[in-house]
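For reference, the chains in residue letters:
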Amino acid sequence: MLAMHHMTPVEVTQISNLHTLILEINSEVALFRDLLIHVGQSRDCPELREKIRKLRRSCVEACKHTAALILPQIRTAIAEGILTDNPHLVLLFYLAQLFLRELIKSHRLVQVIPMDMSGYYENRAGPSNLGNVISQILLCKQITPDFNQEELCSITKDSQEIARILQELQEFMPQQENYLERTIALTTEINGPWPAKRRRGSLYKNMGLLCCVSRPNYL
């Protein structure tokens, strides 16, 4: 990573913004995990499920936004022949990994322990009720939003989005296992801590996470 005194004021501001975004994602992922612990427990209720849904969507958007800021910088640097360690990319990669695991768990929890949200949404719109509104117009009858089904579809979509971000980030991750086995000087002299492009999808070779989120009956 470049020293701060070699950076322009704009670059310093960008790094400060990325630092703030990473800290926010870290807090949101931790809170998301903590909230999932209460699913099926005494504190479980419609309000908790709605809070989990909103936090999930917020975390997904934060990951997407942060990746959209980091990746162009990395690609530009590599195109210019500058190989620099980017701690924000590494941190976002590991946070997204943790978040994806929690998304998979949340999908299973909603399947195994559904929540009756009919009373909660009785006087308010559901998570995404556009389809229900159209159906009500066509069928001329009131349709109660199916929160659990919508949540399962939404979690699956978000899981696939985070998996896509992980694949893009992994392309620029340092080869830590090789980097640690050799001396820093030797590694840098030969090929540096940054790898050539890796094959996409290798992250999930032994995890099977993508298979879980893509199958409609994954239990």
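Rules behind the numbers
Residues numbered from 1 in each chain as written. Predicted model: local features only at pLDDT ≥ 70, side-chain atom pairs only at ≥ 80, totals over all residues. Heavy atoms only, no water. Salt bridge = Lys/Arg side-chain N within 4 Å of Asp/Glu carboxyl O. Helix = DSSP H or I, 4+ residues; strand = E, 2+ residues; numbered from the N terminus. Buried < 20%, exposed > 50% of the residue type's maximum accessible area, 1.4 Å probe, protein only. Axes fitted to C-alpha atoms, helices over the stretch in contact; angles between N-to-C directions. Parallel < 35°, antiparallel > 145°, perpendicular 65-115°, else oblique. Left-handed = near helix turned anticlockwise from the far one by under 90°. Contact = heavy atoms within 4.5 Å. Nonpolar A, V, L, I, M, F, W, Y, C, P; charged D, E, K, R; others polar. Expected span 1.5 Å × (residues − 1). pLDDT = per-residue confidence, 0-100. Core = buried A, V, L, I, M, F, W, Y, C linked by side-chain atoms within 4.5 Å.

### What about the pattern of salt bridges?
It is possible for side chains bearing opposite charge to pair when their charged atoms get close.
Okay, so step 1: Tallied over the full model, the rule gives 12 salt bridges.
Okay, so step 2: The salt bridge involving Arg57 is made with Glu61; its shortest N-O contact spans 2.9 Å. Within this pair, Arg57 and its partner Glu61 are both found in helix α2 (residues 46–79), separated by 4 residues, close to a single helical turn.
Okay, so step 3: Judged by relative accessible area, which is 27%, Arg57 ranks as partly exposed.
Okay, so step 4: The class of Glu61 is partly exposed, set by a relative accessible area of 36%.

### A few points about the packing of α2 against helix α5 (residues 147–170)
Okay, so step 1: The interhelical angle for the contact between α2 and α5, taken along N-to-C directions, is 20°, at an axis separation of 10 Å. With respect to their mutual orientation, α2 and α5 come out roughly parallel. Here α2 and α5 pass one another in a crossing that is left-handed. Contacts between α2 and α5 pair Arg49, Glu50, Arg53, Arg56, Arg57, Val60, Cys63, Lys64, Ala67, Leu71 and Arg75 from the former with Phe147, Asn148, Glu151, Ser154, Ile155, Asp158, Glu161, Ile162, Ile165, Glu168 and Leu169 from the latter.
Okay, so step 2: Residues that form the contact of α2 with α5 fall into these classes: 9 nonpolar, 2 polar and 11 charged.

### A few points about α5
Okay, so step 1: For α5, with 24 residues, the first-to-last C-alpha span of 34 Å sits near the 34 Å given by 1.5 Å per residue.
Okay, so step 2: Along α5, 17 of the 24 residues are buried, which leaves the element largely enclosed by surrounding structure.

### Here we look at the packing of α2 against helix α3 (residues 87–112)
Okay, so step 1: Direction vectors running N to C along α2 and α3 enclose 150°, while the axes themselves pass 11 Å from each other. Of the possible angle classes, the one that applies to α2 and α3 is roughly antiparallel. The chirality of how α2 crosses α3 is left-handed. Contact with α2, carried on its side by Arg56, Cys59, Val60, Cys63, Thr66, Ala67, Ile70, Leu71 and Ile74, involves His88, Leu89, Leu92, Phe99 and Leu103 of α3 and no other residues of that element.
Okay, so step 2: Partitioned by chemical class, the residues of the contact of α2 with α3 number 11 nonpolar, 2 polar and 1 charged.

### Re the confidence of the model for the chain
Detailed conclusions should not be drawn from predicted coordinates in areas where pLDDT is low.
Okay, so step 1: Mean pLDDT over the chain works out to 77, with 64% of the residues at or above the 70 mark.
Okay, so step 2: Throughout residues 1–5 the model reports pLDDT below 50, and contacts reaching past four residues in sequence, or to other chains, amount to 8 contacts.
Okay, so step 3: Low confidence marks residues 177–219, where pLDDT is under 50. Its contacts with residues over four positions away, or in another chain, come to 63 contacts.

### Comments concerning α2
Okay, so step 1: With 34 residues, α2 extends 50 Å from end C-alpha to end C-alpha; this agrees with the ideal 50 Å at 1.5 Å per step.
Okay, so step 2: Gly81 occupies a position one or two residues after α2 and carries a positive phi of about 80°.

### Some remarks on the environment of Ala62
Okay, so step 1: Following the sequence through the fold, Ala62 ends up in helix α2.
Okay, so step 2: Remark: the alpha-carbon pair of Ala62 and Ile25, spanning 37 residues in sequence, is separated by 6.6 Å.
Okay, so step 3: Excluding residues that lie within four positions of it along the chain, Ala62 makes contacts with Ile25 and Glu28.

### Overview of the nonpolar core
Okay, so step 1: Counting 37 residues, the largest nonpolar core has Ile25, Cys63, Leu89, Leu92, Phe99 and Ile162 as its most contacted members.
Okay, so step 2: Among the elements of the structure, α1 (9–37), α2, α3 and α5 are those that each provide at least two residues to this core.
Okay, so step 3: With 11 residues, the single largest contributor to this core is α2.
Okay, so step 4: Discounting residues that sit within four places of it in the chain, Cys63 has contacts with Ile25, Leu92, Phe99, Ile162 and Ile165.

### Brief notes about the side chain of Arg56
Okay, so step 1: Position of Arg56 relative to the elements: it lies in helix α2.
Okay, so step 2: Judged by its relative accessible area of 1%, Arg56 falls in the buried class.
Okay, so step 3: Not counting residues within four places of it along the chain, the set of residues in contact with Arg56 comprises Phe32, Phe99, Leu103, Glu151, Ser154, Ile155 and Asp158.

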